[in-house]
Structures are given as structure tokens and as C-alpha cells.
Amino acid sequence: MQKANIDGKVWTFGKDVDTDIIIAARYLNTSVPEELAKHVMEDADPEFVTKMSIGDVIVAGENFGCGSSREHAPIALKAAGIAAIIAPTFARIFYRNAFNMGLPIFELPESAEINEGDEVSVDMNAGTITNKSTNKSYNFTPIPAFMQELIDAGGLMNFAVNEMKGK
């Protein structure tokens, strides 16, 4: 594993955040990550991209990423600088697309205990998320080894290139 820790400020969103909230369909005329990043979460919070910082973490309710199977959603989040997403559950297609794009996501049933503005630290090797604002630690659902390899490589395409190069 390359990066063992993710540290960031928390931005919270509710349950059932669908891919159209993550990146609205009106912006799908491009696949350029930097362009998509300018509009991430815009319909939930029009000022989100101006308030957040690179390395911040989204904490949401259950079923994050439901809706259409668009890959644009995790691309936009990663390009905007979101370091990770924590939620009790993720829509299955979003789950796989996030790993394919190299965006770390963590299933944590207690995510509602983490508040906007809190500082969290994710230790991927230990399998823990620590809310540094409350000093409370949680164990997250382990990421399958192959999915961790995708994150370490920066996504499926980078993983495939590395495999072809024999790395």
C-alpha cells in the first residue's frame, strides 16, 4: 500500500446522494476532469468547490452514489481534490467506479457520528477512521486487497499500465 493515511476536513451530505447531485447531467458534455471538478456537488451546495480544500473528505449517509452509473461522478470528486468518501453504504456501481478511478471510499456504519467541520484521519493499513475533533475511532469495513491495489495505482487504467510494464 502506498499511502497509509488520509487526513482531511469533513463535509457532510445526507443519504441517497445520487450521481446527478455529485455532477449534474448538464455538465456531462465533457469528460475533462478539471472541468467536471468545477461543478462537483453544485446542486447540493452551489459554493462547495469554493469552500472545500484539496484533501478534504466527504462523509455522507447511506446509499451514496445511487442513480445512474456515470463514471463522471467519481472522476469529478477526485479531480476536485476530495481525498476520500465515508458512508455506511455505497451504490454498487458507484463503489466499483470509485475504485476504478482511484477514489478511496470507506464503508462506516457510524458515519452519522462525524460532523461537518470535524477533522478525520483514515489509516488504511489499520482499518480505522479517527475523528480527531472528538478523539473517537471507528473500524471501517476492510477494502478488498485487489481494490486497494487499484487505489494505490491511482485507478484501473494506471493499474493496467503498471501490470503491462511488469511493475
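The structure we're discussing is the one just above.
The structure reproduced in this document is the subject of the present report. Residue numbers here run from 1 along each chain, matching the order of that chain's written sequence. Since the coordinates come from a predicted model, pLDDT governs what is reported: local features require at least 70, and pairs of side-chain atoms require 80 or more to be given and counted, while whole-chain, interface and lining totals use all residues. Side-chain descriptors were evaluated using all non-hydrogen atoms of the structure, hydrogens and water having been removed beforehand.

One recurring pattern in soluble globular proteins: nonpolar side chains tend to sit buried together. Residues Ile 58, Phe 64, Leu 77, Ile 85, Phe 94 and Phe 106 are the most contacted members of the largest nonpolar core, which totals 56 residues. Apart from residues lying up to four places away in sequence, Ile 85 is in contact with Ile 58, Phe 64, Leu 77, Phe 90, Phe 94, Leu 103, Pro 104, Ile 105 and Phe 106. In this description, a nonpolar core means a group of buried Ala, Val, Leu, Ile, Met, Phe, Trp, Tyr and Cys residues linked to one another through side-chain atoms lying within 4.5 Å. For every residue, the accessible area obtained with a 1.4 Å probe (protein chains only) is divided by the maximum for its type, and the residue is called buried under 20%, exposed over 50%, and partly exposed between those limits. In what follows, residue pairs with any heavy atoms lying within 4.5 Å of each other are defined as contacts.

So, about the packing of helix α5 (residues 92-101) against helix α6 (residues 145-153). Each axis is a line fitted through C-alpha atoms, taken for helices only over the stretch in contact, and angles between the N-to-C directions span 0 to 180 degrees. Only DSSP runs of H or I reaching four residues or more are called helices, and only runs of E reaching two or more are called strands; each is numbered from the N terminus. Orientation of α5 relative to α6, taken along the N-to-C sense of each, is 45 degrees, at an axis distance of 7 Å. Between α5 and α6, the crossing angle belongs to the class labelled oblique. Contact residues: α5 offers Tyr 95, Arg 96, Phe 99 and Asn 100, while α6 offers Phe 146, Met 147, Leu 150 and Ile 151. Class assignment for the residues of the contact of α5 with α6 results in six nonpolar, one polar and one charged. Small angles under 35 degrees read as roughly parallel and large ones over 145 as roughly antiparallel, with 65 to 115 read as roughly perpendicular and the rest as oblique. When residues are sorted by character, Ala, Val, Leu, Ile, Met, Phe, Trp, Tyr, Cys and Pro go into the nonpolar class, Asp, Glu, Lys and Arg into the charged class, and all the rest, Gly among them, into the polar class.

Here we come to the sheet that holds strand β6 (residues 128-131). The seven strands are arranged β4-β3-β2-β1-β5-β6-β7 in an open sheet whose pairing can be described as mixed. Looking at strand neighbours, the two that pair on one side only are β4 (105-107) and β7 (136-139), the edges of this open sheet. Direction aside, neighbouring strands of the sheet carry axes that sit 30 degrees apart on average. Note that β6 and β7 share four bridges and pair antiparallel. Within the sheet, the bridge partner assigned to Ile 129 lies in β7 and is Tyr 138. Should DSSP find at least two bridges between two strands, the strands are regarded as paired.

Time to look at the pattern of salt bridges. By salt bridge we mean one thing: a side-chain nitrogen of Lys or Arg within 4 Å of a carboxyl oxygen of Asp or Glu. According to the stated counting rule, one finds eight salt bridges in the structure shown. In this structure, Asp 7 engages Lys 132 in a salt bridge whose closest nitrogen and oxygen atoms are separated by 3.6 Å. Of this pair, Asp 7 sits in strand β1 (residues 5-13) while Lys 132 sits in the loop between β6 and β7, and the two are 125 residues apart along the sequence. Classification of Lys 132 by relative accessible area gives partly exposed; the value is 44%. Notably, a salt bridge pairs Glu 113 with Lys 136, separated by 3.0 Å at the nearest N-O pair. Of this pair, Glu 113 sits in the loop between β4 and β5 (119-123) while Lys 136 sits in strand β7; the two residues are 23 residues apart in sequence, bridging distant segments of the chain. Given a relative accessible area of 39%, Glu 113 falls into the partly exposed group.

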